[in-house]
Amino acid sequence: MSSALTDLCRYPIVQAPMAGGASCPQLVAAVCEAGGLGFLAAGYKTADGMYNEIKQLRGLTGQPFGVNLFMPQPALADPSAVEVYRHQLAGEAAWYETPLGDPDSDGDDNYEAKTAILLEDPVPVVSFTFGCPTRDTLDAFAGVGTYTVVTVTTPEEAQTAQWAGADAVCVQGVEAGGHQSTHRDDPQTDGAGIGLLSLVSQVRETVQIPIVATGGLMRGSQIAAVLAAGAEAAQLGTAFLICPESGASLLHKQALTNPLFVRTALTRAFSGRPARGLVNRFMREHGPYAPAAYPQVHYLTAGLRQAAAKAGDAQGMALWAGQGHRMARELPAGRLVRLLAEELDAARTAVSTRSTQ
């Protein structure tokens, strides 16, 4: 690991920021205390809500941690597509007896206000999703001693992040659960994502800044593989989603290893942006018709998803999960960090032994 990343955590293990409640202060603190680097997810929260979670986390651990921000999205090119989708979802609203949401709610996710708070009261690490900040913003974070990470899905995006002044890139393979963090949401590239190992290797030859690898990682041996490919650390989301400290719903946790959900797929059905989740009824029925309209579709379907969860109906929920979800282990987060570290050491020892035989 690079010296800067080494200073942040004992092990090259990062807990992914999972917006929507999973990455709560209790989970982040447990990961940090065990020697990993935990992340709070500021996405979909108010600026005050983010700051309150930071204060709560600081009361639980003195270890370094990160906060993830969503970049503002460009104006929607075709609002009429959202209205068409609204009509298609009318049956869902009637079934769950809940109104559809306002698609025009909070389009910039309070980005400026959150950035101002994090510059005034700095945290050790800030990462960015759905785009790359300006050089001025990244320089401002550097000026207050904050380490910055930009999530990327292509070598070109990684190069943009390096030029802008990011300290590191988080390279996201197509196997990752949740939203694909493309900097530009182009429907013509749906399904064209690059697998993690290939992507890490390509980015390693494109940029000189450190790489954090993420996408479908569930075991220490897989962490060893991405480190060997050129990453300095590995970021895991789904692996921590099932931990008792995670703020994910019980239905979501149970679905990860439920044989009823046999595969994952990328869909726009719930948010209007490609995101990987367990294939369920809602995804099958509405995914083919969902427009490229994020975050408008996210807010449109928010009430439906909440009503499905309240009704105990996993078939109507966004069950974000990476491709390795069936390998999830229901362990306390601290124990999982230590187990992953042990598996990483074992994998490295095995490779070293074979190389000397």
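Look up a bit, the structure's there.
Residues numbered from 1 in each chain as written. Predicted model: local features only at pLDDT ≥ 70, side-chain atom pairs only at ≥ 80, totals over all residues. Heavy atoms only, no water.

Undergrad: Quick question: what am I supposed to make of the layout of surface pockets here?
TA: Space left empty within the atom packing is revealed by a probe, the size of a water molecule, rolled over the atoms. Considering only enclosed or pocket space, the largest pocket measures out at about 1100 Å³ in volume. In terms of lining, the largest pocket is formed by 49 residues, of which the most central are M18, A19, G20, G178 and W320. Of all elements in the fold, only strand 3 (66–70), strand 4 (125–129), strand 6 (168–172), strand 7 (178–179), strand 9 (233–236), helix 11 (238–241) and helix 14 (296–310) reach the threshold of two or more residues within the lining of the largest pocket. Here the element with the most residues in the lining of the largest pocket is helix 14; it accounts for 6 residues. Its residues placed into classes, the lining of the largest pocket shows 24 nonpolar, 24 polar and 1 charged. (1 Å grid on protein atoms, 1.4 Å probe; cavity = no way out; pocket = protein on both sides within 12 Å on 5 of 7 lines; lining within 4 Å. Points joined across faces, edges and corners; volume = space filled by probe spheres on them. Helix = DSSP H or I, 4+ residues; strand = E, 2+ residues; numbered from the N terminus. Nonpolar A, V, L, I, M, F, W, Y, C, P; charged D, E, K, R; others polar.)

Undergrad: Can you help me understand empty space enclosed by the protein in this one?
TA: Per the stated rule, a full pass over the model turns up 2 cavities of 30 Å³ or more. Quantified by volume, the largest cavity comes out at close to 90 Å³. For the largest cavity, the lining is made up of 14 residues, of which V14, L37, F39, V149 and V212 are closest to its centre. Broken down by secondary-structure element, the contributors of at least two residues to the lining of the largest cavity are helix 1 (3–8), strand 5 (147–152) and strand 9. Of the residues assigned to the lining of the largest cavity, the class counts are 13 nonpolar, 1 polar and no charged. Of the voids in this model, the second largest cavity is the one considered here, and its volume is about 70 Å³. Lining the second largest cavity are 13 residues, with F70, G107, D109, Y294 and P295 sitting closest to its centre.

Undergrad: What am I meant to see in unusual backbone geometry here?
TA: One can expect most non-glycine residues to show negative phi and most peptide bonds to be in trans. Y294 connects to P295 through a cis peptide bond whose omega is 10 degrees. Tracing the sequence through the fold places P295 in the loop between helix 13 (281–286) and helix 14. The residue D109 is not glycine, and still its phi comes out positive at about 55 degrees. Among the structural elements, D109 can be located in the loop between helix 5 (90–96) and helix 6 (111–120).

Undergrad: Just checking my understanding: could you explain the state of the cysteines for this structure?
TA: Such a bond, covalent and formed between the sulfur atoms of two cysteines, is termed a disulfide. One pass over the full model with this rule turns up 0 disulfides. We note that C9 lacks a disulfide partner, and the nearest cysteine sulfur, in C32, lies 8.6 Å from it. Among the residues examined, C9 registers a relative accessible area of 9% and is labelled buried. (Disulfide = S-S within 2.5 Å. Buried < 20%, exposed > 50% of the residue type's maximum accessible area, 1.4 Å probe, protein only.)

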